[in-house]
Amino acid sequence: MNKTEFIVNDLLSRIYRLEFRSGKLPTQRKLAEEYGVARSTIQEALRALADIGAVKAVQGSGVYVREKLRTNPLVFNSLTRMPYAKIESRMLSLERRRATDEELHSFQLPQGSEVWHFARLRIVNHEAEQIERSVLPQDLVPVLDRSIVEGSIQAFMERSGLKISHFITSYEPTKTSRADAELLGCKHHEPAMRIENRGILVSGRTFEMSSIIALDYSVTYIRPFDRAVHAARMHLQKE
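Here is what the cut-offs are and how they apply
- Sequence positions are assigned chain by chain, starting from 1 and proceeding in written order.
- Given that the model is predicted, a residue must reach a pLDDT of at least 70 before its local features are reported, and side-chain atom pairs must reach 80 or more before they are shown or counted; all residues, however, enter totals for whole chains, interfaces and linings.
- Remark: hydrogens and water are excluded; side-chain values derive from all non-hydrogen atoms of the structure.
- Paired strands, in this sense, are two strands between which DSSP finds at least two bridges.
- Numbering of helices and strands starts at the N terminus; helices are DSSP runs of H or I of at least 4 residues and strands are runs of E of at least 2.
- Every axis in this analysis is a line fitted to C-alpha atoms, fitted for helices over the stretch in contact. Angles between the N-to-C directions lie between 0 and 180 degrees.
- Every patch collects residues that have over 30% relative accessible area and no salt bridge, joining them within 9 Å if they carry like charges and within 5 Å if they are nonpolar side chains (Val, Leu, Ile, Met, Phe, Trp, Tyr).
- Using a 1.4 Å probe, the Shrake-Rupley method yields the accessible areas, and only the shown protein chains count as cover for residues.
- Criterion for a salt bridge: a side-chain nitrogen of Lys or Arg within 4 Å of a carboxyl oxygen of Asp or Glu.
- Relative accessible area decides the class of each residue, using a 1.4 Å probe on protein chains only: under 20% of the type maximum gives buried, over 50% gives exposed, and in between gives partly exposed.
- In what follows, residue pairs with any heavy atoms lying within 4.5 Å of each other are defined as contacts.
- Definition of nonpolar core: a set of buried residues of the types Ala, Val, Leu, Ile, Met, Phe, Trp, Tyr and Cys, connected through side-chain atoms within 4.5 Å.
- In protein, a polar contact means a hydrogen-donor-capable atom and an acceptor-capable atom, both N or O and within 3.5 Å, with residues adjacent in sequence counting only if both atoms are side-chain atoms; elsewhere, any N or O pair within 3.5 Å suffices.
- For Phe, Tyr and Trp, where Trp contributes only its six-membered ring, two rings pair if their centres lie within 6.5 Å, and the inter-plane angle classes them as stacked under 30 degrees, edge-to-face over 60, or tilted in between.
- The rule is short: NZ of Lys or CZ of Arg within 6 Å of the ring centre and within 35 degrees of the ring normal puts a charge over the ring.

Enquirer: Explain the sheet that holds strand β6 (residues 127–137) to me, using residue names and the numbers behind them.
Expert: Across the sheet, six strands lie side by side as β4-β5-β6-β9-β8-β7; this open sheet has antiparallel pairing. With partners counted over all chains shown, the strands left at the sheet margins are β4 (87–98) and β7 (164–175), one partner each. Taken pair by pair, the neighbouring strands of this sheet meet at an average axis angle of 15°, ignoring direction. Two elements, β6 and strand β9 (residues 206–214), share six bridges in a ladder whose sense is antiparallel.

Enquirer: How would you summarise a nonpolar patch on the surface if you had to cite specific residues and measurements?
Expert: Judged by side-chain polarity, V75, Y171, V219 and Y221 come together as a nonpolar surface patch covering roughly 360 Å² of accessible area. Its place among the elements puts Y171 in strand β7.

Enquirer: Could you give an account of the environment of V115, with specific residues and numbers?
Expert: Tracing the sequence through the fold places V115 in strand β5 (residues 114–124). Relative accessible area serves as the criterion here: at 0%, V115 is assigned to the buried category. Between the C-alpha atom of V115 and that of R90, which follows or precedes it by 25 residues, the distance is 20 Å. When neighbours within four sequence positions are excluded, V115 is seen to be in contact with E95, R96, R97, A99, E103, F107, L109, V135, L136, P137 and Q138.

Enquirer: Tell me what's going on with the nonpolar core, and back it up with residues and numbers.
Expert: Among the nonpolar cores identified, the biggest contains 25 residues, and L11, L12, I42, L46, L49, A54 and L74 are the most heavily contacted of them. Put simply, the parts of the chain that give this core at least two residues each are α1 (3–16), α2 (28–35), α3 (39–51) and β2 (62–65). By residue number, the principal contributor to this core is α1, which donates six residues.

Enquirer: I'd like a rundown of the side chain of R205, residues and numbers included.
Expert: Relative to the assigned elements, R205 resides in the loop between β8 (191–201) and β9. Separated by 2.8 Å, the side chains of R205 and D139 make a polar contact. Beyond its immediate stretch of four places on either side in the chain, R205 contacts F107, Q108, L109, P137, D139, L140, G199 and I200.

Enquirer: Lay out unusual backbone geometry in plain terms, naming residues and giving numbers.
Expert: At L18, a position not held by glycine, the phi torsion is positive, near 60°. Looking at the element boundaries, L18 is found in the loop between α1 and α2. The residue N125 is not glycine, and still its phi comes out positive at about 55°. With respect to the helices and strands, the residue N125 is situated in the loop between β5 and β6. With relative accessibility at 40%, the residue N125 sits in the partly exposed group.

Enquirer: Tell me about the packing of aromatic side chains, and please be specific about residues and values.
Expert: Here the structure, examined in full by the defined rule, presents three aromatic pairs. Positioned above the aromatic ring of W116, the side-chain terminus of R96 is 5.7 Å from the ring centre.

Enquirer: Break down the pattern of salt bridges for me, with residues and values.
Expert: Overall, the coordinates contain twelve salt bridges when judged by the stated rule. For R97, the salt bridge identified is with E95, shortest N-O distance 2.8 Å. Classification of R97 by relative accessible area gives partly exposed; the value is 36%. For E132, the salt bridge identified is with R122, shortest N-O distance 3.4 Å. You can see E132 sitting in strand β6 and its partner R122 sitting in strand β5, a full ten residues away along the chain. According to the relative accessible area criterion, E132 is buried, its value standing at 4%. Each of R14, R17, E19 and E34 takes part in a single network of salt bridges with overlapping partners.

Enquirer: Tell me what's going on with the pairing of β5, and back it up with residues and numbers.
Expert: Of all eleven residues that make up β5, ten are buried, and the element is covered over most of its length. Here β5 runs beside β6; their pairing, made up of ten bridges, is antiparallel. Note that in β6 the partner of I123 across the bridge is A128. The loop that links β5 with its antiparallel partner β6 comprises two residues; one of these, N125, has a positive phi angle of about 55°.

Structure follows, in structure tokens:
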């Protein structure tokens, strides 16, 4: 673990211990003195915290812990912490199809509806790391092209006036298929992570279902200790 990663983890720990009760972090100069590092290292750590949604910088005022962070789980992954400038999406395929029964049910669509299917390669620091295969309902997204697929789907949905509420994500270890290994430039049956993602709008409708095969993937999960839930589980164990 390098100095920046140590500072990120330590500041997160201090935030969850309610050390910064005012909600404001010490100045960069103060933090640099505390950790014995250059201010540039502190700036890098604060950028990482902002990227994962833990803090926000207010110009002319300082860096503040985001509201409700202490009472909500914080989940971030190896891609979340990567600046967008270092992530490239390359479209592999795009087509419009008649929705299957499962897709009709998932997207709350009437019979005969169509959906978009696309696949894209995610390239991080010039290395192919992920293959993402997604499905979008055509009634929510009438037009889809390469520029949209190779950009941010989330930003596109928000620009279209469709407000995103949350995502439901599951993780499962897997191995690359021969076709995926060829695209990712790795060995057949290379250990990987399968990430199943479902995006939900404020209206309650699902706007995207995706399946991602990812190499070198890691997830960090931080959650407050819930004494009430823990006590309830211990009580059930005794029965």
